[in-house]
Amino acid sequence: MLTGSVMVSAANRLRLYVAAYGLTEDRILGAAAMVWLAFACVWFALTVLPGRPQRFAFGAVASAFTVLAALNAANPGDMIARGPGVASSTG
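Now for a quick tour of the structure. All of these numbers come straight from a predicted model, not from anything done at the bench. (Residues numbered from 1 in each chain as written. Predicted model: local features only at pLDDT ≥ 70, side-chain atom pairs only at ≥ 80, totals over all residues. Heavy atoms only, no water.)

1. So, the packing of aromatic side chains
To be explicit about the condition: Each pair of aromatic rings taken from Phe, Tyr and Trp, with Trp reduced to its six-membered ring, is defined by centres within 6.5 Å and is described as stacked if the planes are under 30 degrees apart, edge-to-face if over 60, and tilted in the remaining cases. Strands are runs of DSSP state E lasting at least two residues, helices are runs of H or I lasting at least four, and both sets are numbered from the N terminus onward. Each residue's exposure class comes from its accessible area (1.4 Å probe, protein chains only) as a fraction of the maximum for that residue type: buried when under 20%, exposed when over 50%, partly exposed otherwise.
If you walk through the whole model with that rule in mind, you get 3 aromatic pairs. Measuring from centroid to centroid gives 6.0 Å for Phe 39 and Trp 43, while their planes differ by 10°, and the two rings are stacked. In this pair, Phe 39 and Trp 43 are both assigned in helix α2 (residues 25-47), 4 residues apart and thus about one turn of the helix distant. Assessed through its relative accessible area of 38%, Phe 39 is described here as partly exposed. Between Phe 44 and Phe 56, the ring centres sit 5.7 Å apart and the planes meet at 90°, which makes this aromatic pair edge-to-face. Remark: Phe 56 occurs in helix α3 (residues 56-74) and Phe 44 occurs in helix α2; sequence separation between them is 12 residues.

2. What about α2?
Where we set the bar: What a helix is expected to span follows from its residue count: subtract one and scale by 1.5 Å. Should any heavy atoms of two residues lie within 4.5 Å, those residues are considered in contact.
Compared with the 33 Å implied by 1.5 Å per residue over 23 residues, the 33 Å span of α2 between its first and last C-alpha is a close match. Listed in full, the buried residues belonging to α2 are Arg 27, Ile 28, Ala 32, Ala 40 and Thr 47. Buried residues belonging to α2 abut α1 (2-21), α3 and α4 (76-82).

3. Looking at α3
So the rule is basically this: Throughout, the arc means the angular range of directions from the helix axis out to the C-beta atoms.
For α3, with 19 residues, the first-to-last C-alpha span of 27 Å sits near the 27 Å given by 1.5 Å per residue. Of the positions making up α3, those classed as buried are Gly 59, Ala 60, Ser 63, Val 67 and Leu 71. On an axial view of α3, the arc spanned by its buried residues comes to 110°, and they lie on one face. Among the exposed residues of α3, those pointing more than 90 degrees away from its buried face are Phe 58, Phe 65, Leu 68, Asn 72 and Ala 73. Positive backbone phi, at 55°, marks Asn 75, one or two positions downstream of α3.

4. A look at the pattern of salt bridges
Rules: What counts as a salt bridge is simple: a side-chain nitrogen of Lys or Arg found within 4 Å of a carboxyl oxygen of Asp or Glu.
In this structure the tally under the stated criterion is 1 salt bridge. Where Arg 82 meets Asp 78, a salt bridge forms, and the shortest distance between an N and an O atom there is 3.1 Å. Of this pair, Arg 82 and Asp 78 both sit in helix α4, 4 residues apart, roughly one helical turn. Relative accessible area serves as the criterion here: at 24%, Asp 78 is assigned to the partly exposed category.

5. As for the environment of Gly 4
Note on placement: Gly 4 falls in helix α1. Using a relative accessible area of 36% as the deciding quantity, one classes Gly 4 as partly exposed.

The following block contains the structure:
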């Protein structure tokens, strides 16, 4: 519960920073890390606490690779360069 409340506070602070100062690569990477940490905490509660710790490591590593793949597909550099409210064009 305490980790969750700290993560909610950090996400709110990150939202305020982006609104005031704009989007940076550090802020995008921080948000991605928070997403992964939130999933890892939920996965911990679903696997280790009920007594199935052997499933935790695979799920945590798989979710880390999933977040990294999504981050790569999102292309943070392009998002920052285009600025807010500009749709990405492909092709």
